[in-house]
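Geometric and topological summary
So you can see what is in the structure, the chains are spelled out below.
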There are 2 protein chains.
Amino acid sequence: MTGPEIETLIGLMARLPGLGPRSARRIALRLLSEREQRLLPLIGALSVAAERVRVCSVCGGLDSRDPCAICGDPGREPMICVVESVADQWALERASIYRGRYHVLGGLLSAIGGRGPEQLGVPKLMARLDGSVREVILALPATVDGQSTAHYLTERIKSFAIPVTRLAQGVPVGGSIEILDEGTLALAMSARRAVPG
Amino acid sequence: MTGPEIETLIGLMARLPGLGPRSARRIALRLLSEREQRLLPLIGALSVAAERVRVCSVCGGLDSRDPCAICGDPGREPMICVVESVADQWALERASIYRGRYHVLGGLLSAIGGRGPEQLGVPKLMARLDGSVREVILALPATVDGQSTAHYLTERIKSFAIPVTRLAQGVPVGGSIEILDEGTLALAMSARRAVPG
């Protein structure tokens, strides 16, 4: 019904996260009908990003600079927050509650997936743990792989005598008790805190 | 937090239909982290589309050929289905219940919007109404502008002595009566049909 060029485009876009054939078609259509205002600028932005954005050789984040803006910022506190992905790093940056540095593993230890410490650049992380690092925060998912990765890293970091912490777990803000799983509830209960006053 | 290149990219994508800052960020991130497998192919497909896909000079559809594949297909029946947008044309093609030709208005008559018959290529449509055209189907939205456009076109086409039809209106398939607006219900009631047998 439509030309092969359009079908190819829709096919590629439909495989992007959160998109399907329907939404990809809508987007392709909008792009094609607003060639000058939308399609060409997008091609330009994608090309510039493809050309300039690289993985930071220090932390594994994404930026057009290497080291990235965060690694290169002297104002950042001497702590390293270990995350699974750049998405997690961005989420923490958006929350702007942390002013330290990051280390992006790019995955989690997984026996099934056969991902070992080397694939995750754990040696790279260890190499960053000089005297200046005050704390390592493990902001890893509360999944089996996430927790075993956290456990493994804790063991490895021990020898450096650097305090290791992990994000608190419990009832999410705005989370209703009713829909929470038993695991989270048990955890939130055992880690309950005294109400001041 | 991220480089200007990434922010520009996210900004452009966030303005695409169905996307927002959050989903655009996810997509940008996926593209940047899978440069070879996703980003470069997408840039390629977008560039090819930008270069080749044009508006069909006959029907106003989009294709890499001009006249488009549909206009150039001798197998299509000599009827013209008038639609507001290419999106509507594609929807009808997907339903594959119609094997005729199309005419894409690219909008609707609107006193407020100040869009007149010329902007909508109505003269172009009239020029297509030679003896061979057996029927003109008005597949226009059931909105005020849609209906006034349909009315205007019906008046214009009268002189050609070509039958003009419009899509049936009523209860959509799978539509529950409860949630339907009064207008649709009144229309579905007045246009009710005898149950055979």
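Residues numbered from 1 in each chain as written. Chains lettered and ligands numbered in written order. Predicted model: local features only at pLDDT ≥ 70, side-chain atom pairs only at ≥ 80, totals over all residues. Heavy atoms only, no water.

Here is the rule: UniProt positions are given in the numbering used here, feature names are shortened, and annotations may be inferred rather than shown by experiment.
As annotated in an unreviewed UniProt entry, chain A is Recombination protein RecR from Acidiphilium iwatense. Turning to chain A, the UniProt record has this under Function (unreviewed entry): "May play a role in DNA repair. It seems to be involved in an RecBC-independent recombinational process of DNA repair. It may act with RecF and RecO." Checking UniProt for chain A, the heading Sequence similarities (unreviewed entry) contains the comment "Belongs to the RecR family."

Observations concerning the sheet that holds strand β5 (residues 135-139) of chain B
Residue and element names in this part refer to chain B. For clarity, the cut-off: Strands are labelled as partners when DSSP assigns at least two bridges between them. In this text, helices come from DSSP runs of H or I with a minimum length of four residues, and strands from runs of E with a minimum of two, each type numbered from the N-terminal end. Structural elements are reduced to axes, namely lines fitted to C-alpha atoms, with helices fitted over the stretch in contact, and the angle between N-to-C directions of any two is expressed from 0 to 180 degrees. Note on contacts: a residue pair is in contact if any heavy atoms of the two residues lie within 4.5 Å.
A sheet is described by the order of its strands in space; here four strands give the open sequence β4-β3-β5-β6, paired in parallel fashion. The open sheet has two free edges, formed respectively by β4 (101-104) and β6 (164-166), since each of these has just one partner strand. Strand-to-strand twist in this sheet, taken as the mean axis angle between neighbours without regard to direction, amounts to 25°. Across three bridges, the pairing between β5 and β6 is parallel. Looking at β6, one finds that Ile137 is bridged to Thr165. The strands touched by helix α4 (residues 86-95) within the sheet are β3 (79-83), β4 and β5, with β4 carrying the most contacts at an inclination of about 160°.

Digging into the UniProt feature "zinc finger region: C4-type" (unreviewed entry) in chain A
As annotated in UniProt, the feature "zinc finger region: C4-type" (unreviewed entry) corresponds to residues 56-71 of chain A in the numbering used here. Helix and strand shares over residues 56-71 of chain A are 0% and 12% respectively, and the end C-alpha atoms of the span are 8 Å apart.

With respect to the interface of chain B and chain A
The criterion, for reference: Simply put, the buried area is the total loss of 1.4 Å probe accessible area from both parts when two parts are fitted together. Here, a salt bridge means any side-chain nitrogen of Lys or Arg that lies within 4 Å of a carboxyl oxygen of Asp or Glu.
Contacts between the two partners involve 46 residues from chain B, matched on the other side by 46 residues from chain A. For the pair chain B and chain A, the summed buried surface comes to about 4500 Å²; carbon and sulfur atoms form 75% of the total. Inspection of the chain B/chain A interface yields two salt bridges. One salt bridge in this structure joins Arg52 of chain A and Glu5 of chain B, with 3.2 Å as the shortest N-O distance.

Section: the nonpolar core
Note that soluble globular proteins tend to have their nonpolar side chains buried in a common cluster. Selection criterion: Only buried residues count toward a nonpolar core, which is a set of Ala, Val, Leu, Ile, Met, Phe, Trp, Tyr and Cys residues joined through side-chain atoms within 4.5 Å. Any residue under 20% of the maximum accessible area for its type is buried, any over 50% is exposed, and the rest in between are partly exposed; the area is computed with a 1.4 Å probe on protein chains only.
By size, the foremost hydrophobic cluster in this structure holds 78 residues, and its most contacted members are Met13, Leu42 and Leu46 of chain A together with Met13, Leu42 and Leu46 of chain B. Leave out the neighbours within four places in its chain, and Met13 of chain B touches Leu42 of chain A together with Leu19, Ala24, Ile27, Ala28 and Leu31 of chain B.

Some words on the relation of the copies chain B and chain A
Rules: Superposing the copies works by least squares over the C-alpha atoms of residues that have pLDDT at least 70 in both of them.
When chain B is brought onto chain A, the operation consists of a screw motion whose angular component is 180° and whose axial shift is 0.0 Å, with 0.1 Å RMSD remaining. Expressed as a symmetry operation, the mapping of one chain copy onto the other fits a two-fold axis. Within chain B, Ile43 of chain B has its C-alpha nearest the rotation axis, a separation of 3.0 Å. Taken together, the interface assignments show that 100% of the residues at the interface of chain B recur at the interface of chain A, consistent with an identical surface on both copies.

Some thoughts on the sheet that holds strand β4 (residues 101-104) of chain A
All names here are of chain A. Sheet architecture is open: four strands sit in the order β4-β3-β5-β6, paired in parallel fashion. Looking at the sheet topology across the chains shown, the edges are occupied by β4 and β6 (164-166). Put simply, the sheet's adjacent strands are angled 25° from each other on average, direction ignored. Note that strand β3 (residues 79-83) and strand β5 (residues 135-139) share five bridges and pair parallel. For Ile80, the partnering residue across the bridge sits in β5 and is Val136. Of the strands in this sheet, β3, β5 and β6 are in contact with helix α6 (residues 144-158), which crosses β5 at around 165°.

What to know about the side chain of Arg25 of chain A
The line we're drawing: Charged residues are defined narrowly, with Lys and Arg counted positive, Asp and Glu counted negative, and His plus the chain ends left uncounted.
Relative to the elements of secondary structure, Arg25 of chain A occurs in helix α2 (residues 21-33). Put simply, Arg25 of chain A is tucked away with no salt bridge, and the nearest opposite charge, on Glu7 of chain A, sits 5.9 Å away. Beyond its immediate stretch of four places on either side in the chain, Arg25 of chain A contacts Ile10 of chain A together with Trp90 and Arg94 of chain B.

Regarding the packing of helix α3 (residues 35-52) of chain A against helix α3 (residues 35-52) of chain B
The test is simple: Every angle not falling under 35 degrees, over 145, or within 65 to 115 is termed oblique; those three ranges are roughly parallel, roughly antiparallel and roughly perpendicular. Two helices that cross are described as forming a left-handed crossing if the nearer one is turned anticlockwise from the farther one by less than a right angle, and a right-handed crossing if clockwise. Asp, Glu, Lys and Arg are counted as charged, while Ala, Val, Leu, Ile, Met, Phe, Trp, Tyr, Cys and Pro are counted as nonpolar; the rest, among them Gly, fall into the polar class.
The N-to-C vectors of α3 of chain A and α3 of chain B enclose an angle of 150°; their axes lie 10 Å apart at closest approach. Put simply, α3 of chain A runs roughly antiparallel to α3 of chain B. As for the relative orientation of α3 of chain A and α3 of chain B, their crossing is left-handed in sense. Between α3 of chain A and α3 of chain B, the residues in contact are Arg35, Leu39, Leu40, Leu42, Ile43, Leu46, Ser47, Ala50 and Glu51 of chain A and Arg35, Leu39, Leu40, Leu42, Ile43, Leu46, Ser47, Ala50 and Glu51 of chain B, respectively. Per-class residue counts for the contact of α3 of chain A with α3 of chain B are 12 nonpolar, two polar and four charged.

Describing the packing of helix α2 (residues 21-33) of chain B against α3 of chain B
All names here are of chain B. Axis separation between α2 and α3 bottoms out at 6 Å; the angle between their running directions is 115°. By the angle between their directions, the pair α2 and α3 is classed as roughly perpendicular. Only Arg35, Arg38, Leu39 and Leu42 of α3 make contact with α2, whose side of the interface consists of Arg30, Leu31, Leu32 and Ser33. A per-class count over the contact of α2 with α3 returns four nonpolar, one polar and three charged.

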